Amino acid sequence: MIRATETDLDVVTFADAWEQLGKVPLSRIRMRPAPGTATEADVVAVRESPSRRICELFDGVLVEKAMGAAESFLALHIARLLLNFLDRQDLGIALGEAGQLRLWPGRVRVPDVCFISWDRMPKNEVPDDPLPDLVPDLAIEVLSRSNTKKEMARKRLDYFQAGVQEVWEIQPKTQTAEVYTSPTKHRRIETDGTLEGGDILPGFTVSLTELFGRLKKKKK
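Fair warning: this is a prediction, and the values are worked out from it, not measured in the lab.

Draft legend 1. Just the packing of aromatic side chains, in detail. Tallied over the full model, the rule gives two aromatic pairs. Ring geometry for F85 versus F204: centroids 5.4 Å apart, planes at 55°, classification tilted. Taken together, the positions of F85 in helix α3 (residues 69-88) and F204 in the loop between β11 (194-196) and β12 (205-207) put the pair 119 residues apart, joining distant regions of the chain. On the basis of relative accessibility, which here comes to 4%, the residue F85 falls in the buried class. With a relative accessible area of 3%, F204 lands in the buried category. With centroids separated by 6.4 Å and ring planes inclined at 5°, the aromatic side chains of W168 and F204 adopt a geometry described as stacked. Of this pair, W168 sits in strand β8 (residues 166-171) while F204 sits in the loop between β11 and β12, placing them 36 residues apart in sequence. Judged on exposure class, the residue W168 and its partner F204 are both buried. Members of the aromatic cluster, connected to one another through ring pairs, are F85, W168 and F204. The ring centre of Y180 lies 4.0 Å from the NZ or CZ of R156, which sits over that ring.

Structure (structure tokens):
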């Protein structure tokens, strides 16, 4: 499997490394352990520390996951819809915003929501591993203000190179979504549109009107 090899490039300065990370806000880059030296064990240690921070691991750098209250709420609502669907259609499992996944050695990503089919799980059961070797069929990201375009482009590239079939990016600011079938090929779903599971999750749908409407109290 072909994977990105940013480490083969001439990364000489911190600015070079920051560019490779997707210019994420510096407030999300952990300095301990020093950037470039972090390991998968550090990912687990930070999560189990009193801070309980959820981090991704990219080329030896720990990057804290971005998630605000509204983004977390939207992700939980999508996850609830997905779990309800999977109760009826036993196609696999859903993970939430703390589900850290090893896409390949040294690369840990954390979708806000994801679906993993039973076929992708050894022995058709959820592994008892803090960083399981699992690649989602569908990865869903609810974008926050601190997510940069370059960061998300880098993340999509990782997903598809690992074997993810589709990526949904939910944009609370515009109340729209982008459905990616490759790192760059995508279609836009407008506010009055519906996300559809297609061949991955036949029959599963998410109405954007209903989804974003949940951010306000319903009128009686």
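Draft legend 2. Structural view of helix α4 (residues 149-162). Under the 1.5 Å per step criterion, the end-to-end length of α4 is 20 Å for 14 residues, consistent within 8% with the ideal 20 Å. With 10 of its 14 residues buried, α4 lies for the most part within the structure. For α4, the full list of buried residues reads E151, M152, R154, K155, R156, D158, Y159, F160, Q161 and A162. Just downstream of α4 lies G163, where phi reads positive at about 120°.

Draft legend 3. Broad picture of the nonpolar core. By size, the foremost hydrophobic cluster in this structure holds 26 residues, and its most contacted members are L82, W168, I170, L195, L201 and L211. Sorting the residues of this core by element identifies α3, β6 (113-117), β7 (138-142), β8, β9 (176-180) and α5 (208-213) as the ones contributing at least two each. With sequence-adjacent residues up to four places away left out, W168 is seen in contact with L138, A139, I140, E141, E178, V179, L195, E196, G197, F204 and V206. In this structure, F160, A162, V167 and Y180 belong to the second largest nonpolar core, which totals 10 residues.

Draft legend 4. Quick peek at empty space enclosed by the protein. For the coordinates displayed, the defined rule picks out two cavities of 30 Å³ or more. Its boundaries defined by the atoms lining it, the largest cavity holds a volume of some 70 Å³. Around the largest cavity, the lining residues are L21, V24, E56, F58, V63, R109, E151 and R154. For the lining of the largest cavity, the elements supplying multiple residues, two or more each, are β1 (55-58) and α4. For the lining of the largest cavity, the per-class residue count stands at four nonpolar, no polar and four charged.

Draft legend 5. Representation of the sheet that holds strand β3 (residues 92-95). Pairing is mixed in the open sheet, where six strands are placed in the order β3-β6-β7-β8-β9-β10. The open sheet has two edge strands, β3 and β10 (186-189), and neither has a second partner. Taken over all neighbouring pairs, the strand axes of this sheet differ in orientation by 15° on average, direction set aside. Of the pairings in the sheet, the one linking β8 to β9 comprises five bridges and is antiparallel in character. When the bridges of β9 are listed, V167 appears paired with Y180. Sitting on the sheet, α3 touches β3, β6, β7 and β8, and the angle it makes with β6 is about 25°.

So, how was this worked out
- Along each chain, numbering runs from 1 in the same order as the chain's sequence is written.
- Two thresholds apply to this predicted model, a pLDDT of at least 70 for residue-level local features and 80 or more for giving and counting side-chain atom pairs, whereas whole-chain, interface and lining totals are computed over all residues.
- Side-chain metrics in this entry use all non-hydrogen atoms of the structure; hydrogen atoms and water are not considered.
- Put simply, two rings from Phe, Tyr or Trp (the six-membered ring, in Trp's case) pair if the centres are within 6.5 Å, and we call them stacked under 30 degrees between planes, edge-to-face over 60, tilted for the rest.
- The helix and strand labels rest on DSSP assignments: H or I over at least four residues marks a helix, E over at least two residues marks a strand, and numbering proceeds from the N terminus.
- Exposure is judged per residue with a 1.4 Å probe applied to protein chains only, and the accessible area is read against the type maximum: over 50% gives exposed, under 20% gives buried, and values in between give partly exposed.
- Charge-over-ring placement is defined geometrically: NZ (Lys) or CZ (Arg) within 6 Å of the ring centre, and within 35 degrees of the ring normal.
- By this rule the span expected of a helix is its residue count minus one, scaled by 1.5 Å.
- Put simply, a nonpolar core is a bunch of buried Ala, Val, Leu, Ile, Met, Phe, Trp, Tyr and Cys residues held in one set by side-chain atoms that sit within 4.5 Å of each other.
- The contact rule is simple, with two residues in contact once any of their heavy atoms fall within 4.5 Å.
- Here a cavity means grid points, on a 1 Å grid over the protein atoms only, where a 1.4 Å probe fits yet cannot get out; a pocket means an open set of points with protein on both sides within 12 Å along at least five of seven lines; lining residues are those with an atom within 4 Å of a point.
- Grid points are joined across faces, edges and corners, and a volume is the space filled by probe spheres set on the points.
- Put simply, Ala, Val, Leu, Ile, Met, Phe, Trp, Tyr, Cys and Pro go in the nonpolar bin, Asp, Glu, Lys and Arg in the charged bin, and everything else, Gly too, in the polar bin.
- The pairing criterion is simple: DSSP has to find at least two bridges between the two strands.
- Helix axes are fitted only over the stretch in contact, all axes being lines through C-alpha atoms; the angle between N-to-C directions runs from 0 to 180 degrees.

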